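# Observations on the model geometry
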Amino acid sequence: MPKIAKELSALAVKNLKHPGTSTPGNAIFAVGGVAGLMLQTTPGGGRSWLLRTMANGKRREIGLGGHDVSLGEARERARTIKGEIRVGVDPVKAKRDRRKAAEAAAKRHLLFRDAVDKFLADTLAEFRNEKHRKQWRSTLDNYAAPVIGNLAVSEVTKHHMVDILKPIWTTKTETATRLRQRCERVLDWAKAHGHREGDNPAAWKGNLASMLSKPSKVATVENHPAVQLKDAPTWFAALRKRDGNGARALEFLTLTAARSGEVRGMEWPEIDSDAKLWTVPAVRMKMKKPHTVALSDDALAILTAMKEAATDSKYVFPAIRGGMLSDMTLSATMKRMHESEVEAGRIGWLDKHSNRPAVPHGLRSTFSDWAGELSDYSRDMREFALAHAINSDVEAAYRRETMIEKRRAMMSDWAAFLRGGN
């Protein structure tokens, strides 16, 4: 039982000072009024209240506040705590439990839009490039944020997910499917970090599958607008008249039927001029497997010209300042080509299905149309040239030397078609 101290007045307590160098560390004074109530002073003039007492057989030293707490308030707090102890409450444990509960509550109040930020920061390494990361962010900002962006992740339900997905489920099925998957991953991250509990409301199986049609039943193919096969030679001739690395990259992309990122990120060590091969590393391939491209003489001629004009950049088709060309550079080249046609009183380079202006990725469809309609090359050879997933035995065959020459012949025939040769 603490010794009962004389009950000091507020003025007497105000006049209590640390004795200075004669007392190392903090000095503690009993102020009376409540057994165990102490004033703690520091050499620097700091003041705080302590209650020394026993709780459930354990000696406790409980802080009651600092200099902004008056003597009367300190005594009242001390009496309250002692009352709790008398009914079996351990104030230290209770305070710890309250703090944990507050922390848990704060976690449960993490907003979805903030969870997206934290998720993207934690998973940065898995994104192939900044464009992919921005696509992730853009999809969630455009479709999910208006519904649940300012909602705590702990409050998101499957009904919210239906509200998000239903407007685009049948009209933009591929986008909607990716959106659902991205919401699911963010909410999985939130649960793993203690921000929500229970099942994931964005999960498909056993959840949204019973509320939305199967994507395969309602999906519409979102094709990229392509240059029409009949227009390809004229379009290619117009492209070759244009200057700049963007135009040359687009020309090379057309001749190789490659993707934009594969061409824009091309570095000189990837080229084997003697073997007339370009090996795209797995990191830039959609299928995450290295891909070998058999180069036609037309494609090699572009590389030779770029080599002669080479700068200090590591890229074959560098941007003006030496870094990688942006995807927008190639898109802008095609857009300007279309606008030039329209300004000349012609219809421009329009996709035959959607009637929209052609874009760089659509050139792969143009190549596919040529290979399927105007050439004698097999479907598998065409699919391999496009770096699509095919049977592993077929893939191995097309990597062999004899097939490489046949593939090069196909790309040479494609180049001849683009030049108007057949």
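Not measured: the values here are computed from a predicted model.

Taken as a whole, this structure holds 20 salt bridges when the rule is applied. Residues Asp114 and Arg113 are paired through a salt bridge, measuring 3.4 Å at the closest nitrogen-oxygen approach. Given the relative accessible area of 26%, Asp114 is considered partly exposed. In this structure, Arg284 engages Glu270 in a salt bridge whose closest nitrogen and oxygen atoms are separated by 2.9 Å.

Relative to the assigned elements, Asn223 resides in the loop between α8 (215-218) and α9 (232-240). Considered as a pair, Asn223 and His361 are 138 residues apart in the sequence and their alpha carbons are 9.4 Å apart.

Next up on the list: the packing of α9 against helix α10 (residues 245-256). One way to put it is that α9 packs onto α10 with a least axis distance of 9 Å and a crossing angle of 150°. α10 is crossed by α9, and the crossing has left-handed handedness. Residues Trp235, Phe236, Leu239 and Arg240 of α9 touch α10, and the partners they reach there are Ala247, Arg248, Leu250, Glu251, Thr254 and Leu255. Split into classes, the residues belonging to the contact of α9 with α10 amount to six nonpolar, one polar and three charged.

Bringing the environment of Ala301 into the picture now. Looking at the secondary structure, you find Ala301 in helix α12 (residues 297-308). Judged by its relative accessible area of 46%, Ala301 falls in the partly exposed class. Taking C-alpha positions, Ala301 is 19 Å from Ser260, a pair spaced 41 residues apart along the chain.

Another point: helix α13 (residues 327-343). Quick reminder: α-helices carry 3.6 residues per turn. Residues three or four places apart thus point the same way. With 17 residues, α13 should cover 24 Å at 1.5 Å per step; its first-to-last C-alpha distance of 25 Å lies within 8% of that length. Among the residues of α13, Leu330, Thr333, Met334, Met337, His338 and Glu341 are the ones counted as buried. The arc that holds the buried residues of α13, viewed along the axis, is 130°, so those residues lie on one side. Those residues of α13 that are exposed and aimed more than 90 degrees away from the buried face are Met328, Lys335 and Glu343. Buried positions along α13 lie against α9, α10, α11 (260-264) and α14 (363-373).

What counts as what
- Residues numbered from 1 in each chain as written.
- Predicted model: local features only at pLDDT ≥ 70, side-chain atom pairs only at ≥ 80, totals over all residues.
- Heavy atoms only, no water.
- Salt bridge = Lys/Arg side-chain N within 4 Å of Asp/Glu carboxyl O.
- Buried < 20%, exposed > 50% of the residue type's maximum accessible area, 1.4 Å probe, protein only.
- Helix = DSSP H or I, 4+ residues; strand = E, 2+ residues; numbered from the N terminus.
- Axes fitted to C-alpha atoms, helices over the stretch in contact; angles between N-to-C directions.
- Left-handed = near helix turned anticlockwise from the far one by under 90°.
- Contact = heavy atoms within 4.5 Å.
- Nonpolar A, V, L, I, M, F, W, Y, C, P; charged D, E, K, R; others polar.
- Expected span 1.5 Å × (residues − 1).
- Arc of directions from axis to C-beta.

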